[in-house]
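Okay, here's what each chain looks like letter by letter:
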Amino acid sequence: MAYKITEECISCGACEPECKNEAITEGKEIYVVNPAKCTECMGWFESPKCAEVCPVDACVPDPAHKETKEQLLDKWRKLHPGKTPATT
Ligand code: SF4
Ligand code: SF4
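Predicted model only: the values in this text are computed from it and were never measured.

What counts and how
- Residues numbered from 1 in each chain as written.
- Chains lettered and ligands numbered in written order.
- Predicted model: local features only at pLDDT ≥ 70, side-chain atom pairs only at ≥ 80, totals over all residues.
- Heavy atoms only, no water.
- Helix = DSSP H or I, 4+ residues; strand = E, 2+ residues; numbered from the N terminus.
- Rg over C-alpha atoms; globule rule 2.2 N^0.38 Å.
- Near = heavy atom within 4 Å.
- Nonpolar A, V, L, I, M, F, W, Y, C, P; charged D, E, K, R; others polar.
- Buried < 20%, exposed > 50% of the residue type's maximum accessible area, 1.4 Å probe, protein only.
- Lys, Arg positive; Asp, Glu negative; His and termini not counted.
- Salt bridge = Lys/Arg side-chain N within 4 Å of Asp/Glu carboxyl O.
- Contact = heavy atoms within 4.5 Å.
- Core = buried A, V, L, I, M, F, W, Y, C linked by side-chain atoms within 4.5 Å.

Enquirer: Any details on the overall build of the protein? Residues and values, ideally.
Expert: From N to C terminus, the protein includes two helices and four strands. Put simply, the protein runs from its N terminus to its C terminus through helices and strands in the order β-β-β-α-β-α. Against the globule reference of 12 Å for 88 residues, the protein gives a C-alpha radius of gyration of 12 Å, in line with a compact fold. Its C-alpha atoms put the protein at 35 × 25 × 20 Å along the principal axes.

Here's what the structure looks like:
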């Protein structure tokens, strides 16, 4: 399931460089996650980095984008053609 950023976001920017899928960008008022690029960090790490660094717990799973582990890994492979995921 892709992550999303809630309105608790204080736009500190800490999450953006942590996302190796470049799924996080600065929006008009808060930072936003592109669900087409978020793999829950699957393929890179065992846990979501944005959620780990966010000082206000604004990075949360998005129930509107439910995906299985396999779907997340497929997304990762499409984002990083030719590379091997670090987590499976
Ligand atoms: S969970 Fe990982 S892939 Fe998804 S937005 Fe956060 S840092 Fe990026
Ligand atoms: S780390 Fe949290 S508060 Fe900072 S920009 Fe990202 S979502 Fe917003």
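Enquirer: Outline the site of ligand 2, listing residues and values.
Expert: Contacts to ligand 2 come from 13 residues, most closely from Cys9, Cys12, Gly13, Cys15 and Cys54. Split by residue class, the shell around ligand 2 holds eleven nonpolar, two polar and no charged.

Enquirer: Tell me about the site of ligand 1, residues and numbers included.
Expert: Every residue close to ligand 1 is listed here: Cys19, Asn21, Ile24, Val33, Cys38, Thr39, Glu40, Cys41, Pro48 and Cys50. Grouping the constituent residues of the shell around ligand 1 by class yields seven nonpolar, two polar and one charged.

Enquirer: Kindly report on the environment of His65, identifying the contributing residues and their values.
Expert: Mapped onto the elements, His65 comes out in the loop between strand S4 (59–61) and helix H2 (69–79). Given the relative accessible area of 31%, His65 is considered partly exposed.

Enquirer: I'd love a proper account of the side chain of Asp62, names of residues and values included.
Expert: By the element assignment, Asp62 lies in the loop between S4 and H2. No salt bridge is formed by the buried Asp62; the nearest opposite charge belongs to Lys4, separated by 4.4 Å. Residue contacts for Asp62: discarding those within four places in its chain leaves Met1, Ala2, Tyr3 and Lys4.

Enquirer: Could you give an account of the nonpolar core, naming the residues involved and the relevant values?
Expert: One broad rule of soluble globular proteins: the nonpolar side chains tend to lie buried together. Membership of the largest hydrophobic core comes to 15 residues, with the highest contact counts inside it found for Ile5 and Ile24. Broken down by secondary-structure element, the contributors of at least two residues to this core are strand S1 (3–5) and strand S3 (31–33).

Enquirer: So what about the pattern of salt bridges? Which residues, and what values?
Expert: Under the defined criterion, the tally for this structure stands at three salt bridges. Residue Glu52 is joined to Lys49 by a salt bridge in which the shortest nitrogen-to-oxygen separation is 3.3 Å. One end of the pair is Glu52 and the other is Lys49, both in helix H1 (residues 49–53) and three residues apart, which spans about a single turn. When its relative accessible area of 47% is taken as the criterion, Glu52 is described as partly exposed. The salt bridge involving Lys75 is made with Glu67; its shortest N-O contact spans 2.7 Å. Looking at Glu67, the relative accessible area reads 24%, which means it is partly exposed.

Purely geometric stuff here, so don't read any function into it on its own.
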